[in-house]
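# Chains, contacts and geometry: an overview
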Amino acid sequence: MKQKLEELKVLALAAVAEAKDEKQIDEIRVKYLGKKGELTAILKQMGSLSPEERPVMGQLVNSAKAELEEAIAKASKNFKEKAAEERLKAETIDVTLPSKPATVGKLHPLNTVLNDMIDIFQSMGFDVVDGPEVETDFYNFEALNVPADHPARDMQDTFYLAENLLLRTQTSAAQIRTMENRKPPIKIICPGRVYRADEVDATHSPVFHQIEGLVVDKNITMCDLKGVLEQFAHEIYGKDTEVKFRPSFFPFTEPSVEVDVTCSECKGKGCRVCKGSGWIEILGAGMVHPRVLKACGIDPEEYTGFAFGIGLDRLTTTRYKISDIRLLFENDLRFLKQF
Ligand code: PHE
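This text gives an overview of the structure that appears in the document. (Residues numbered from 1 in each chain as written. Predicted model: local features only at pLDDT ≥ 70, side-chain atom pairs only at ≥ 80, totals over all residues. Heavy atoms only, no water.)

## Quick notes on the environment of Asp224
To keep things clear, this is the line we draw: Runs of H or I in DSSP of at least four residues are treated as helices and runs of E of at least two as strands, each being numbered from the N terminus. Per-residue accessibility, obtained with a 1.4 Å probe over protein chains only, is compared with the maximum for each type, and a residue is labelled buried under 20%, exposed over 50%, and partly exposed between these values. Contact definition: two residues touch when any of their heavy atoms are within 4.5 Å.
Examined against the element boundaries, Asp224 turns out to sit in helix H8 (residues 222-237). For Asp224, a relative accessible area of 32% corresponds to the partly exposed category. In this structure the C-alpha to C-alpha distance between Asp224 and Met117, which are 107 residues apart in sequence, comes to 18 Å. Asp224 has contacts with Asn219 and Phe306, leaving out every residue within four places of it along the chain.

## Structural notes on the packing of aromatic side chains
Keep this limit in mind: Two rings from Phe, Tyr or Trp (for Trp, the six-membered ring) form a pair when their centres are within 6.5 Å of each other. A pair whose planes differ by under 30 degrees is stacked, one over 60 is edge-to-face, and the rest are tilted. Two limits define a charge over a ring: the Lys NZ or Arg CZ must be within 6 Å of the ring centre, and within 35 degrees of the ring normal.
Under the definition given, this model contains nine aromatic pairs. Judged by centre distance (5.2 Å) and plane angle (75 degrees), the rings of Phe121 and Phe126 are edge-to-face. Residue Phe121 is classed as buried on the basis of its relative accessible area, which comes to 0%. Given the relative accessible area of 3%, Phe126 is considered buried. Measuring from centroid to centroid gives 6.4 Å for Phe306 and Phe308, while their planes differ by 25 degrees, and the two rings are stacked. Neither residue differs from the other here; Phe306 and Phe308 are each classed as buried. The ring of Tyr139 carries Arg177 above its face, with NZ or CZ at 3.9 Å from the centroid.

## Quick word on helix H2 (residues 22-33)
What counts here: For a helix, the expected span equals 1.5 Å multiplied by the residue count minus one. What the arc covers is the set of directions going from the helix axis to the C-beta atoms.
Taking 1.5 Å of rise per residue, twelve residues should cover 16 Å, and H2 covers 16 Å from first to last C-alpha, within 8% of that figure. Looking only at H2, the buried set comprises Ile25, Ile28, Tyr32 and Leu33. All buried residues of H2 fall inside an arc of 85 degrees around its axis, so they share one side. Facing away from the buried side of H2 by over 90 degrees, the exposed positions are Lys23 and Val30. Where H2 is buried, its residues contact helix H1 (2-18), helix H3 (38-44) and helix H4 (53-90).

## Overview of the nonpolar core
Generally speaking, nonpolar side chains in soluble globular proteins are found buried as a group. Rules: Residues grouped as a nonpolar core are buried Ala, Val, Leu, Ile, Met, Phe, Trp, Tyr and Cys residues, joined through side-chain atoms within 4.5 Å.
With 44 residues, the main nonpolar core has Met117, Phe121, Phe232, Leu283, Phe308 and Ile310 as its most contacted residues. Core analysis: the second largest hydrophobic core is formed by 22 residues, Ala173, Ala174, Ile186 and Ile188 among them.

## Brief notes about the site of the ligand
Note the threshold: The criterion for a residue being near a molecule or strand is simple. One of its heavy atoms has to lie within 4 Å of it. Residues adjacent in sequence count toward polar contacts only when both atoms are side-chain atoms; beyond that, a polar contact is any pair of N or O atoms within 3.5 Å, and within protein one must be able to donate a hydrogen and the other to accept it. For every accessible area listed, the method is Shrake-Rupley and the probe measures 1.4 Å; residues are considered covered only by the protein chains on display. Three classes are used, and their members are as follows: Ala, Val, Leu, Ile, Met, Phe, Trp, Tyr, Cys and Pro are nonpolar, Asp, Glu, Lys and Arg are charged, and the others, Gly among them, are polar.
Lining the immediate surroundings of the ligand are 15 residues, of which Gln170, Ser172, Arg196, Gln210 and Glu212 lie closest. One nitrogen or oxygen atom from the side chain of Arg196 is found 2.8 Å from an oxygen atom belonging to the ligand. The fraction of the free accessible surface of the ligand (320 Å²) that becomes covered by protein chains is 92%. Put simply, the parts of the chain that give the shell around the ligand at least two residues each are strand S6 (207-217), strand S9 (279-288) and strand S10 (304-311). Looking at the shell around the ligand element by element, the count peaks at three residues for S10. Counted by class, the shell around the ligand contains five nonpolar, eight polar and two charged residues.

## Observations concerning the sheet that holds strand S3 (residues 160-162)
Put simply, the rule is: The criterion for strand pairing is that DSSP finds at least two bridges linking the strands in question. Comment: axis = line fitted to C-alpha atoms, over the contacting stretch for helices; angle = value between 0 and 180 degrees taken between N-to-C directions.
Overall, antiparallel pairing links the three strands, which are arranged S2-S4-S3 in an open sheet. Two strands close off the open sheet at either side, each with one partner strand: strand S2 (134-136) and S3. Averaged over all pairs of adjacent strands, the angle between strand axes in this sheet comes to 35 degrees, irrespective of strand direction. As paired elements, S3 and strand S4 (residues 165-167) share two bridges and run antiparallel to each other. Among the inter-strand pairings, Ala162 is bridged to a residue of S4, identified as Leu165.

Shown next as structure tokens:
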């Protein structure tokens, strides 16, 4: 029996040493140590031994069993570690692979130009204010010296929402709101969307953008208006740009002007962009009408002011040579990605 035990042990240990994977180790465990295993079988025969032989044999069997168990555990641990190592190797992330490109959003060209304009006017001391896009007839027309029957209403085809409610046709409404709420000196710009029921084509859109400017203080003259607008034109278009003030008419300013700058495309020679004239109209302006000041509770004998309204869309299309104003509003990514 002792010899058999020794043989079994040698065989089993040799099998463990030769095992190639975890599965074979398991098979060895079952073959020798399982319920019907060969070592277990020897243990079962212990009963047939004499009382003197039993403890001696028992000790031998137990130590053989322990030795085998230890060898199995060690081999099993080895295989587990090796398997884990191999899995880690297979799962390694290759940090040298190129990553997915991160897409960064960009400003809409209108916003880029608007930000430039805000910078320019802020550097001249203007505040930026906001006004509602849905306006009352009073702020959009009446208080701006355009009563209901005034022919100037025809200059701006208006979207009405209700009897006295409309989509503002001009940011000039912000002049009134500002003068109602602030005392002179006032120096503000109000950028925003405006709406007109114009027919849509390459240069007209029912929604577009204006920047209203307003300055009210003592001794403000047409010279101040010219100075500010010339400075603005030079900052936007460059120092060599000429600025022309043409007499015009707006109900809320007197006198009124329209301001042209030399066409940046042809430098005044005449081209498709300026329709051969060499000039591009960029804004309307004038000295605030005394009636408008009075309607806002400002004494026109004490204070004077000037106002201007710049078309943001025209500035943007000429700067980026965009041939159709509708492109600014369609939000086609193929177009927007170019800026
Ligand atoms: N609101 C005028 C327009 O839309 C522009 C303007 C603003 C003219 C302020 C004079 C003063 O045509």
